[in-house]
Each structure stands twice: as C-alpha cells, then as structure tokens.
Amino acid sequence: MPSHPGVSERVVFLGVTLECDRRVLTPRLETESLVLWTVQRSKGFPRPDAVIDVGTGSGAVILSVASRFPDSEWFAVDISTDALEVARKNAETNRIPVEFVQGDLLAPFFDANGLAKIAGKYVLILANLPYVGPGEDVGEDVVAEDPAIALYGGGERGFDLIVRLLGESLRLAESCKGMRLALEFWHTQLPLVKAWAEWYGLAVESWSDTSGIPRFAMLDYGNR
Ligand SMILES: C[S@@+](CC[C@H](N)C(=O)[O-])C[C@H]1O[C@@H](n2cnc3c(N)ncnc32)[C@H](O)[C@@H]1O
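As the structure is a computational prediction, the values presented were derived from the model and not from experiment.

## With respect to the site of the ligand
Among the 25 residues in the neighbourhood of the ligand, the closest are listed as Gly55, Gly57, Ser80, Asn128 and Ala150. Only helix H2 (60–65), strand E4 (73–78) and helix H5 (148–151) provide two or more residues apiece to the shell around the ligand.

Spelled out as structure tokens, the structure:
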C-alpha cells in the first residue's frame, strides 16, 4: 500500500524547485556538494553519454545535474514506487526529460541474460543511497519526517547497499566505454570505500562537506 504523502514542502536544490513530502528524503544541503564536485571533477574526463542517479528520491540529484550535462541521456532509479511518483512529478514541473525506472540499484540496466543495456556508452553514476546503521543517532525529527527506506537498509554498518553498488558498477563497466561513480556516504565510511576501491583496483578521490568531514568519493572504473 502506498505510504501517506503527508504535508508537502517546497525545496530549492541547486536552483531546481522540488515538491517533497513524506514519501521521499528531504534533499540535504550537503548533497549539493555531491553534484557540484562531481561536475567540477568531470572536466578532465570524457563527456558522459549516460548519467544515472541511483536512489533518486525526490529527483534532486538527477534534476540538478541534468543542465550540467546537457548532451547526455539522464536516468534515475529508485526501489520505491512512492519516491518515483514524487520524482516524476518534479521532473515534469521542471520540464526535464529523465527516464525513471523502478528497481534495485543497477538491476534495471541489465537484461534477462545479465547483459548491460547501456553497453558501449561512457557512464557517470551518482548515488546517495541509505547509509545509516541501525544504531546511529540521526535525530528524532529525521526519523519522524524521512521515510525509513531512505535512511536504512545498509545492514549493521549501513554500508551494504554501497558495497553492492560498487560490485554492480564493476559488472556494468565491463561492457561500457568508461565509467565513474560518485558517492555520498556516512562520516565513518571513507576507509570502507577506500578498501573496496583498492580491492577492485580502482582509483578513488574523496572530498569533504562544508564542516571538513569526508563524505564523498569518486571511483574511476577506467576507459575501454
Ligand atoms: C538517502 S535517499 C536519497 C534521495 C536523493 N537521492 C537525495 O539525495 O536527496 C536514498 C534513496 O534510495 C532509495 N533506495 C533504497 N534502497 C534502494 C535500492 N536497493 N535500489 C534503489 N534505490 C534504493 C530510497 O527509496 C531513497 O529514495
């Protein structure tokens, strides 16, 4: 059964106006750094043919990044049909033609034979997935106002969804021309991101939020 939308609030995220209700995470100011830094660090790389936002929620990331990559195709995934309803409406209001797909992480980008549907493209992925562990204190207001599916789901350390995304990206990258993945994560998780990047042999670059805490990283899956 769809959750009750509750009261809607208007949020301006990097110049894009979004209507958000209880079905989605209210976009956070720090997530603007995910978008801005990714755009800035993309200057030395090929133009992406496809930009994918994994865990789109209100659509904040893909709708704000779209104008920065005007020649790319724009995709956004969420496992929550409730969230996709909100994101689609925001895309419509802002007249930004994003292809929204319901699914688990990158699953929608593989066909039934496990082959990548976007083979041969240069792909840029951005993801702000749930990364809060069950024991973490995020504050009562956050628990009351944001849907649990947007906060939790990453297991004991809150990191399981990110680990899965790192692996699925590697699989997708095998048939793509090139790929980079930009992530937002919890303030304790940079060592985990770095360990996985090292395990997969990927270059990784991290950056901090406005309080100087490392909260973001970009992994380069290389060009083919
Ligand atoms: C932290 S919110 C981020 C929303 C938005 N990207 C933002 O930055 O404001 C995480 C989003 O990931 C979605 N999500 C959770 N598990 C997922 C999964 N396995 N596959 C795809 N999306 C997922 C949630 O429904 C939620 O909308």
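## Things to note about the environment of Ala203
Structurally, Ala203 is set in strand E8 (residues 203–208). Taking the C-alpha atoms as reference points, Ala203 and Met218, 15 residues apart in sequence, are found 8.2 Å from one another.

## A word on the pairing of strand E6 (residues 122–127)
Counting buried positions along E6 yields five of six residues, so the element is predominantly enclosed. Direction of pairing for strand E3 (residues 50–54) relative to E6: parallel, over a ladder of five bridges. Within the sheet, the bridge partner assigned to Val54 lies in E6 and is Ala127.

## Side note on the sheet that holds E6
Taken together, the seven strands give an open sheet; going across it, the order is E5-E4-E3-E6-E7-E9-E8, and neighbouring strands pair in mixed fashion. Where the open sheet ends on each side, the last strands, each with one partner, are strand E5 (99–102) and E8. Each neighbouring strand pair of the sheet contributes to a mean axis angle of 15°, computed without reference to strand direction. Two elements, E3 and E4, share five bridges in a ladder whose sense is parallel. Looking across to E4, one finds that Ala50 is bridged to Glu73. Sitting on the sheet, helix H6 (residues 160–173) touches E3, E6, strand E7 (178–184) and strand E9 (214–223), and the angle it makes with E7 is about 170°.

Rules used in this analysis
Residues numbered from 1 in each chain as written. Predicted model: local features only at pLDDT ≥ 70, side-chain atom pairs only at ≥ 80, totals over all residues. Near = placed C-beta within 6 Å. Helix = DSSP H or I, 4+ residues; strand = E, 2+ residues; numbered from the N terminus. Buried ≥ 20, exposed ≤ 12 C-beta atoms within 10 Å, placed from the backbone. Pairing = 2+ DSSP bridges. Axes fitted to C-alpha atoms, helices over the stretch in contact; angles between N-to-C directions. Contact = placed C-beta atoms within 7 Å.

Treat this as a map of the structure, not an account of what it does.
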